[in-house]
Amino acid sequence: MFFGLLCPGEVSAVTQSLSTDNVPLNIDQSQEFDVNVNFSCPSCSTDSYLRGVFYPSGTSYFGYTEDNNGNWSNAAGGNCTTYFKVAQADLSHEGTWSGTLKVKLDTASTYYAGPGEYLFKVGRYTPSCSSASVWSTEATIAVTGPTPTPTASPTNTSTPTPAPANTPTLKPTVTPKPTQKPTIAFSKNLMATNSEVLGDSSESAEPTEKPQKTEVLSSKSHNFLPIILILVGLIFLIACVAVFFYPYIAKFINEKRNK
């Protein structure tokens, strides 16, 4: 009794207890479940607020707890009045309470790292919401579900500036010089000379016509040359055939005569 008067806080802490059962060993990440809570606080003179938390380690708490009106709360401990309320009047005369707490994961929390093993426990807060006055023993729950897809880093969508195209160098076009025809030039010079010497008489045109006639005659004479060569070849071929078949022809004639 004297020890309790000197250290009332420690006596109060010792007289509180919180335990859970029916905690599942594994759940789906979108699954909500009920956990049985046994709370004992004979010295409690205020209301209590119960909260279920998930955490990978330390105090990185996250998760939803359903309040007395069916609303879900994932508030931090400073807003503990949004949790499930156990009024001081709800305690038995021994200062105990047993009931069901509904909880689920908060998959949008920064502390949630996808499927894996997480620790779970239930805490009791006083109306001051300073911190939990007592916690249950932690349990391990294996969480299953699809692995969250990492957010892809934005890609650089800037359009590269195309390199300037090399403009081909145009080569200057060389205009070919007209080929001079020496025959025509010579005839024109000759005609000019004749016209200067002889004047514009009608007799000056006669000498120019004679070479043309000569060219026509020479071309006609050249046309007979292939014909003559063909005839010579035919005669030679006939002679060769006659020489080749002469023995047979003579033999045939002699046989005819002997008959």
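Residues numbered from 1 in each chain as written. Predicted model: local features only at pLDDT ≥ 70, side-chain atom pairs only at ≥ 80, totals over all residues. Heavy atoms only, no water.

Now for the overall build of the protein. Counting secondary structure elements, the protein contains four helices and 11 strands. A total of 259 residues make up the protein; the buried ones form 23% of that total. Counting contacts in the protein only where the partners sit at least 6 residues apart, residues at least 24 apart contribute 67% of the total. When the accessible surface of the protein is totalled, it reaches about 19100 Å², and 60% of it is carbon and sulfur. (Helix = DSSP H or I, 4+ residues; strand = E, 2+ residues; numbered from the N terminus. Buried < 20%, exposed > 50% of the residue type's maximum accessible area, 1.4 Å probe, protein only. Contact = heavy atoms within 4.5 Å. Areas by Shrake-Rupley, 256 points an atom, 1.4 Å probe, with all protein chains shown as cover.)

What follows covers the packing of aromatic side chains. Counting across every chain of the model gives 14 aromatic pairs. Their ring planes at 85° and their centres at 6.2 Å tell us that Phe33 and Phe54 sit as a pair that is edge-to-face. You can see Phe33 sitting in strand β3 (residues 32-40) and its partner Phe54 sitting in strand β4 (residues 48-55), a full 21 residues away along the chain. Taken together, a centroid distance of 5.3 Å and an interplanar angle of 75° make the contact between Tyr55 and Tyr61 edge-to-face. No difference in accessibility class separates Tyr55 from Tyr61, as the two residues are buried. Here the aromatic residues Phe33, Phe54, Phe62, Tyr112, Tyr118 and Phe120 are joined through ring pairs into a cluster of three or more. A cation over a ring is seen here: Lys104 above Tyr64, with NZ or CZ 5.3 Å from the ring centre. Over the face of the ring belonging to Trp135 we find Lys121, whose NZ or CZ atom lies 4.3 Å from the ring centre. (Phe/Tyr/Trp six-rings, centres within 6.5 Å; stacked < 30°, edge-to-face > 60°. Lys NZ or Arg CZ within 6 Å of the ring centre and 35° of its normal.)

Time to look at the state of the cysteines. Counting across every chain of the model gives two disulfides. Through a disulfide, Cys41 is tied to Cys44; the S-S separation comes to 1.5 Å. Here Cys41 and Cys44 share a disulfide; its torsion about the S-S bond, 85°, makes the bridge right-handed. We classify Cys41 as buried; its relative accessible area is 1%. Regarding the disulfides, the protein carries the connectivity 1-2, 3-4 under sequence-order numbering of its bonded cysteines. (Disulfide = S-S within 2.5 Å.)

Take the sheet that holds strand β1 (residues 17-21) next. Judged by pairing direction, the sheet is antiparallel, and its five strands sit side by side in the order β1-β3-β8-β5-β6 without closing on themselves. Each of the sheet's edge strands pairs with one partner strand only, and the pair in question is β1 and β6 (72-73). One ladder, built from five bridges, connects β1 with β3; its direction is antiparallel. In the strand pairing of β3, Thr20 is matched with Val37. (Pairing = 2+ DSSP bridges.)

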